[in-house]
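Chains, contacts and geometry: an overview
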Amino acid sequence: MLYCFSQATYDKEELIAYLSLVTENDAIILWQDAVLLMIKYPDYFKLCKGDCFALEQDILARNLTALLPKENRVQFISLLDLVDITEQYFPQIAL
């Protein structure tokens, strides 16, 4: 399954609940304001069992590169990479 997060307003319990559903066969995409989650809750993504991705253009648009944790597990991807990922993981859910 592909979990697509677009908001930065998930509370801790809600985000933990979503991430606990992710298996090693799943992936997470952080895009739009959800890229802020890597800064708000960096430790939660270290525990995620699936692949974690974030749109690089959203990170750059928010000038977040200096704020990202040094040991970041989330991979930065382009829009072209996003297309490839959506072909690999299904079904897809937007959160």
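A brief look at the structure comes next. Sequence positions are assigned chain by chain, starting from 1 and proceeding in written order. Local features in a predicted model are, by the rule used here, given only for residues with pLDDT of at least 70; side-chain atom pairs are given and counted only at 80 or more, and totals for whole chains, interfaces and linings are based on all residues. Side-chain figures throughout are based on the complete set of non-hydrogen atoms in the structure, without hydrogens or water.

Now for the overall build of the chain. Working definition: helices are DSSP H or I runs of at least four residues, strands are E runs of at least two. Numbering for both runs from the N terminus. Counting its secondary structure elements, the chain contains five helices and five strands. For a compact globule of 95 residues, the expected C-alpha radius of gyration is about 12 Å, and the chain comes in at 12 Å, within 12% of that figure. Projected onto the principal axes, the alpha-carbon positions of the chain cover approximately 35 × 30 × 20 Å. Taking all 95 residues of the chain together, the buried fraction comes to 39%. Residue pairs at least 24 apart in sequence account for 71% of intrachain contacts in the chain once pairs closer than 6 positions are excluded. Taken over C-alpha atoms, the radius of gyration is set against a globule rule of 2.2 Å times the number of residues to the power 0.38. The buried label applies to any residue whose accessible area, calculated with a 1.4 Å probe on protein chains only, is under 20% of its type's maximum; exposed applies above 50%, and partly exposed to all values in between. Should any heavy atoms of two residues lie within 4.5 Å, those residues are considered in contact.

All right, on to the pattern of salt bridges then. Put simply, a salt bridge is a Lys or Arg side-chain nitrogen that is within 4 Å of an Asp or Glu carboxyl oxygen. Per the counting criterion, the structure on display carries three salt bridges. In this structure, the salt-bridge partner of Asp33 is Arg62, at a minimum N-O distance of 3.1 Å. Taken together, the positions of Asp33 in the loop between β2 (27-30) and α2 (37-40) and Arg62 in the loop between α4 (56-61) and β4 (75-77) put the pair 29 residues apart, joining distant regions of the chain. Lys46 is the salt-bridge partner of Asp43, the closest N and O atoms lying 3.4 Å from each other. Within this pair, Asp43 and its partner Lys46 are both found in helix α3 (residues 42-46), separated by three residues, close to a single helical turn. For Asp43, a relative accessible area of 49% puts it in the partly exposed group. Where salt bridges share partners, they join Asp33, Asp58 and Arg62 into one cluster.

The subject of this paragraph is the sheet that holds strand β3 (residues 51-55). Two strands are said to pair when DSSP picks up at least two bridges between them. Taken in spatial order, the five strands line up as β4-β3-β2-β1-β5 in an open sheet, and their pairing is parallel. Bordering the open sheet on either side are β4 and β5 (92-94), each of which pairs with just one other strand. Each neighbouring strand pair of the sheet contributes to a mean axis angle of 25°, computed without reference to strand direction. With three bridges connecting them, β3 and β4 associate as parallel partners. The partner of Ala54 across the bridge, within β4, is Phe76. To obtain an axis, a line is fitted to C-alpha atoms, over the contacting stretch when the element is a helix, and the angle between two such axes runs from 0 to 180 degrees between their N-to-C directions. Helix α5 (residues 79-88) contacts β1 (2-5), β2, β3, β4 and β5 of the sheet and is inclined by roughly 105° relative to β4.

Moving on: the pairing of β2. The two faces of β2 match: Ala27 and Ile29 on one face and Ile28 and Leu30 on the other face are all buried. Here four bridges tie β1 to β2, and the two strands are oriented parallel to one another. The residue of β2 that forms the bridge with Tyr3 is Ile28. Read as a crossover between parallel neighbours, the route from β1 over helix α1 (residues 12-20) to β2 is right-handed. The sheet contact formed by β2 and β3 spans four bridges and is parallel. From the neighbouring strand, Ile29 faces β3, where its bridge partner is Phe53. Seen with the strands pointing away from the viewer, any crossover whose path from the first strand over the helix to the second strand runs clockwise is right-handed.

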